[in-house]
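Next come the chains, spelled out residue by residue.
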Amino acid sequence: MYIVGHYQFSSSERKMSALTYICLIFLVTQARSSPIQPKNSEYRLPDGAVEVNTYDIELTLKSDVFETNQFSGVAEVVFTNMNETNEIKIHANKMTFSEIVLETVDGTQIGLQNGGNFVIDSATDILTLTTDTSLAQGIEYRLRFTYEAELRTNEMYGFYKSSYVAADGTTRYLGTTQFQPTHARKAFPCFDEPFYKAIFNIKIRHPNQYRADGNTVGTSVVDPQDNTALITTFAPTPRMSSYIIAFVVSDFTCSAGEEIESGIPHQVCSRDEAASTREVAVDVGPKLTWTLEEFTNIKYNESTIKKLDQFAIPDFSAGAMENWGLITYRETALLWDPLESSNRYKQRVETVISHELAHFWFGDLVTTKWWSDTFLNEGFATYFEYLATAEVEPTWEMEKQFVIEQLQPVLVSDSSVNSQALSAEASTPDQVSGRFSSISYNKGGSVIRMVAHFLGAEGFRNGIRKYLEDNKFGSTTPADLWGALTESTTVLPTSVSVIMDNWTYKAGYPVLQVKRNGDDVVVTQERFLISGTPEDTEKWYVPISYTTSTDSDKFLDTSPKVWLNPLTTNVNITDALKERDWIILNNQQTGFYRIDYDDNLWEKIKIALTQTGFDGIHELNRAQIVDDYYNFARAGLHSYSSFLELIKFLKADSSYYPWYSAFTAFSSMLQRTGDEKIRAGLHEYIRELMVVLYNTVPFNKPNDDDQIYTHKRVLAVTWACNLEVKDCIDNSLAAFGTYRNTATRPDKNLRSVIYCNALRHSNDPGDWEYLWEQFGTSQIATEQVTILSALGCTKDDEIRKKYLSLSINSTSGIRQQDALSVFSAVYSGNPDGVDLAFDFLLENYEDIYEYYASMNSFSNLFSGLANRFTKKQQTDKLSAFIENTPNLPESVETAARGALSTALNNLEIIEQFEKELSQYFNVGSASSAEPARLGFATTVTTLMVLLYKAF
């Protein structure tokens, strides 16, 4: 499953650079809120009780299904009983049973003691059936359910209803599914845990104006009892888990592409109005599949699923879902318009497709045994979404983008004392959902990338092939993966299993402390925490690559030269600095750790960065230096002023990667203070620092064929406009004026910047209304999302309140899945948006809670706001809300208290942060305590002359 927010957009398109820290930290801390504990048998099916063989499922959707929102079903499961028992436990959710029959496969019926009163435990979703006589060990039984269930309308899980408005203005409906991780039980009774694999035979009766699609090839015939209905029967599936079953009943049309293999068709399906935007997905699907086949040495057609369908669903809670043979996506993750959608969205489409296709091998064919080890599915999918896309799009530098988009953000979130390990127990549905976090995705992918580099390309590939071949159609634990990789190499200090034990079962990661000792370098380690004290036992096997000033192949060799192990206090790199100026560890940031040097070594690096060509220091290591040092300042290991001094090398740097890391840091810094003098000083500092960068990517000089140039241009222009650079603002206003006057949309890659800044600087409410109208009439999902983000940039309070109200109005045209993005657009669009959105939340929490309940987004909303609090008045108001609001729902109170705790901790940090920056920028009452800084007033060029306004 691809989680929305997992992909790191540029700040202009989704304001993600400012939100990266918030979202990822929240995902990790929320996961931790359910403590790691032994398996809770109340929520889990009994270990080893049954072996599931087959399901036969027949669903009936009557002609009025989208009016009644009801369907009926008959589900028959054949299983082998593994232990003598008189009890069967199976999952089901909100079903009404008219009959449940248990019999042997030869037809001998077994009596049930429930007396026709079959009650599902509403907390655990477990239906317990008690038999009159004991079930014998090793015997096959057939359990048949006849039932009615809901086509869900208040959530996007299980079998649920979606809709869209067609070109003729009519509302069209469809039924679609989202079963991962615990929602198949909402469509049919099943053993709904990933370990219980079975063959599924599925048949759907449905009105004949719709098509039915499933995991396997379907054949439709007219229902002999009703000529207005069709019966679509799907071929048997391979042995697979319940969570990757899927079906869609819709009036969609499809575009066929090149076959995956002979006789294995590939098609992309959507509402017909979006047909012209399917081309990229149609083209890239087979290419990515072939790339993954070559790496894994397992063909897609090795299973009995003889097709590959990709469906764009209008209402979809996740980003995408890897249902075997029928992958489902949000429209923005599958459909791309070459004239209207940005390069960033094209990259998102290709990487999300790559992520989902990788799940064929890592998730579908070989499945994690239980959700505690979700990284076995999602970590590999995250790793291959970049690796496979890099093969298909070699000029996109996907290997480099991985560092700034995946690795660096999760280093931030994993530095919390409350973060979870890659493998952490989960039992309840909420705990299971918590495992779908940045730890399983970003950290999982980053740690796998580290393993690939210390094993080497051939050893890693051979080990992965063995892992897949040994376990196909089965389920695995981390021990199976590390064991297979152990057999693929011998050039390690110990087995892969031993090396990876702490990386798998311990939370966090190390910071390496590097100190000079004559010509030698001594390296030690401890867990890196933003706050708190690490334990002495928190150590890892750490692969260390490094480069010195005299190395000819600077930073190219990412294999480890030395290892730091948890059993010794340090490792000594002999003569590392003999006749050399500097040393930098972790070539191209392939290892999952940070590096802090002693003062002497930091000074040497600082000097090197000011030399021509940065003395050969790789752009990814420059990005690493920026990201590491900023987080050392956050942790109190170094000062913010020394950080601002160190990164002055960026004045001469036009590389995308170090600037991406720098802007992420600047976003975090600006978010930490409401002091206008400090913000003004920081704005001026950034403006001067980025003069060269901005001049390398002029506002009106696109080069859409160059992906990295385009990313850099969007990043630089976004920040220039946010910092009120006159050239940027003038160009944005002119482009928006042309848009209003001629209906010619602006540059597709700068569109979000132009929309946002036009509204931010507008005194005409008609500008907002015009863009809102464009949102309502657009048939392009990426354009709609871009507009939703920009609409929050207005400074008009009444319009912002109106916009927030529209986000919780089901008739507004804003889909429920996008409602949270409206709030984030308002509170991140302008500094004063935080208080406005916060007041709206407190005044309307009941309506918001009801609207957000099915999206599990209420906690995210509180957290996103509280992470931007900079004043005691804000925390006082939140505290009063918690204490004085009667009948506050438990989940709301929990979310509010968690947000309050975070905000109070932030205020303590902000106080020290503002004191330091007041001194650095020599503002307020603080005296200057740091050495000379940038000469702002004398060196700002005419291009950069501007007035300070809110960021």
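Residues numbered from 1 in each chain as written. Predicted model: local features only at pLDDT ≥ 70, side-chain atom pairs only at ≥ 80, totals over all residues. Heavy atoms only, no water.

1. Structural notes on the overall build of the protein
Helix and strand counts for the protein come out as 31 helices and 29 strands. Scaling as 2.2 N^0.38, a compact globule of 951 residues should have a C-alpha radius of gyration of about 30 Å, and the protein matches this with 28 Å. If one aligns the C-alpha atoms of the protein with their principal axes, the spans along those axes are about 90 × 70 × 60 Å. Going through the 951 residues of the protein one by one, you find that 62% of them count as buried. For the protein, contacts bridging at least 24 residues in sequence account for 73% of all contacts bridging at least 6. (Helix = DSSP H or I, 4+ residues; strand = E, 2+ residues; numbered from the N terminus. Rg over C-alpha atoms; globule rule 2.2 N^0.38 Å. Buried < 20%, exposed > 50% of the residue type's maximum accessible area, 1.4 Å probe, protein only. Contact = heavy atoms within 4.5 Å.)

2. As for the sheet that holds strand 22 (residues 510–517)
Note: strands within a sheet are paired through backbone hydrogen bonds, in either parallel or antiparallel orientation. The sheet built from four strands is open, its strands ordered 27-23-22-29 with mixed pairing. Whereas interior strands pair on both sides, the edge strands pair on one side only; in this sheet they are strand 27 (571–573) and strand 29 (594–597). Direction aside, neighbouring strands of the sheet carry axes that sit 30° apart on average. Bridge analysis of strand 22 against strand 29 gives four bridges, and the strand direction is parallel. Residue pairing in the sheet places Gln513 in a bridge with Asp596 of strand 29. On the sheet, helix 13 (residues 599–609) packs against strand 22 and strand 29 and is oriented at approximately 105° with respect to strand 29. (Pairing = 2+ DSSP bridges. Axes fitted to C-alpha atoms, helices over the stretch in contact; angles between N-to-C directions.)

3. Considerations on helix 5 (residues 343–358)
It helps to recall that an α-helix has 3.6 residues per turn; residues three or four apart then point in one direction. Between its terminal C-alpha atoms helix 5 stretches 22 Å, which fits the 22 Å expected from 16 residues at 1.5 Å a residue. Of all 16 residues that make up helix 5, 15 are buried, and the element is covered over most of its length. (Expected span 1.5 Å × (residues − 1).)

4. Quick notes on the sheet that holds strand 2 (residues 70–81)
Taken in spatial order, the eight strands make up an open sheet running 5-4-7-2-1-10-13-12, and their pairing is mixed. Looking along the sheet, the strands with just one partner apiece sit at the ends: strand 5 (109–110) and strand 12 (218–223). Pairing between strand 1 (residues 50–60) and strand 10 (residues 199–207): seven bridges, direction parallel. Across the sheet, Asp56 pairs through a bridge with Asn201, a residue of strand 10.

5. Section: the environment of Tyr803
Structurally, Tyr803 is set in helix 24 (residues 797–807). Separated by 592 residues in the primary sequence, Tyr803 and Arg211 have C-alpha atoms spaced 37 Å apart.

6. Describing the pairing of strand 10
Examined bridge by bridge, strand 10 and strand 13 (residues 226–234) share five bridges and lie antiparallel to one another. Looking at the pairing, Ile204 lines up with Thr232 of strand 13.

7. Considering the packing of helix 20 (residues 726–742) against helix 21 (residues 751–760)
Helix 21 packs onto helix 20 with a crossing angle of 95° between their chain directions and a minimal axis gap of 8 Å. Between helix 20 and helix 21, the angle is such that the two are roughly perpendicular. Contacts from Ile729, Ser732, Leu733, Ala735, Phe736 and Tyr739 in helix 20 reach Val753, Ile754, Tyr755, Asn757 and Ala758 in helix 21. Here the residues of the contact of helix 20 with helix 21 are counted per class, giving nine nonpolar, two polar and no charged. (Parallel < 35°, antiparallel > 145°, perpendicular 65-115°, else oblique. Nonpolar A, V, L, I, M, F, W, Y, C, P; charged D, E, K, R; others polar.)

8. Comments concerning the pattern of salt bridges
This structure, assessed with the given rule, holds 53 salt bridges. Arg44 is the partner of Glu193 in a salt bridge, and the nearest nitrogen-oxygen pair spans 3.2 Å. Residue Glu193 is located in the loop between strand 9 (171–178) and strand 10, and its partner Arg44 is located in the loop between helix 2 (16–32) and strand 1; the two are separated by 149 residues in the primary sequence. Asp764 is paired through a salt bridge with Arg740; the nearest N and O atoms lie 3.5 Å apart. One end of the pair, Asp764, is in the loop between helix 21 and helix 22 (765–777); the other, Arg740, is in helix 20, and 24 residues separate them in sequence. (Salt bridge = Lys/Arg side-chain N within 4 Å of Asp/Glu carboxyl O.)

9. A closer look at the packing of helix 4 (residues 279–296) against helix 6 (residues 375–392)
A pair of packed helices can be characterised by two numbers: the angle between their axes and the separation between those axes. Between helix 4 and helix 6, the least distance of the axes is 9 Å, while the angle of their chain directions is 110°. Here helix 4 lies roughly perpendicular to helix 6, going by the angle between them. Seen along the crossing, helix 4 lies across helix 6 with a hand that is right-handed. Taking contact as the criterion, the partners of Val284, Lys287, Leu288, Thr291, Leu292 and Phe295 in helix 4 are, on helix 6, Phe384, Leu387, Ala388, Thr389, Glu391 and Val392. Residue composition of the contact of helix 4 with helix 6, grouped by class: eight nonpolar, two polar and two charged. (Left-handed = near helix turned anticlockwise from the far one by under 90°.)

10. Topic: the nonpolar core
Of all hydrophobic cores here, the largest spans 301 residues; its most connected members are Phe188, Phe460, Ile544, Phe666 and Met690. In this view, Phe188 contacts Ile57, Ala75, His91, Met95, Tyr147, Phe179, Phe200, Ile245 and Phe247; residues no more than four positions away in its chain are not counted. (Core = buried A, V, L, I, M, F, W, Y, C linked by side-chain atoms within 4.5 Å.)

11. Some details on the state of the cysteines
By the definition in use, this model includes three disulfides. Here Cys721 pairs with Cys728 through a disulfide, and the sulfurs are 1.9 Å apart. In this structure the cystine formed by Cys721 and Cys728 twists about its S-S bond by roughly -95°; its chirality is therefore left-handed. Since its relative accessible area comes to 0%, Cys721 is described here as buried. In this structure Cys728 comes out as buried when scored by relative accessible area, which is 0%. A disulfide bridge connects Cys756 with Cys793, and the sulfur atoms are separated by 2.0 Å. Between Cys756 and Cys793, the disulfide has an S-S torsion of -95° and is therefore left-handed. Here Cys793 lies in the loop between helix 23 (781–791) and helix 24 and Cys756 lies in helix 21, a separation of 37 residues in the sequence. Comparing Cys756 with Cys793, the two get one shared label, buried. Each bonded cysteine in the protein gets a number by its place in the sequence, and the pairs come out as 1-2, 3-4, 5-6. (Disulfide = S-S within 2.5 Å.)

12. Describing helix 12 (residues 496–505)
Considered for burial, the residues of helix 12 that qualify are Val496, Ile499, Met500, Asn502, Trp503 and Thr504. Buried positions along helix 12 lie against helix 6, helix 9 (438–455), helix 11 (478–486), strand 22 and strand 26 (562–564).

13. Some details on unusual backbone geometry
Following Gln180, the chain continues into Pro181 via a peptide bond in cis, with omega recorded as 0°. Mapped onto the secondary structure, Pro181 falls in the loop between strand 9 and strand 10. Even without a glycine there, the phi angle at Asn297 is positive, about 65°. Using a relative accessible area of 57% as the deciding quantity, one classes Asn297 as exposed. One non-glycine residue, Phe473, lies in the positive phi region at around 70°. With respect to the helices, strands and loops of the structure, Phe473 is situated in the loop between helix 10 (457–471) and strand 21 (474–476). By relative accessible area, Phe473 is classed as partly exposed at 27%.

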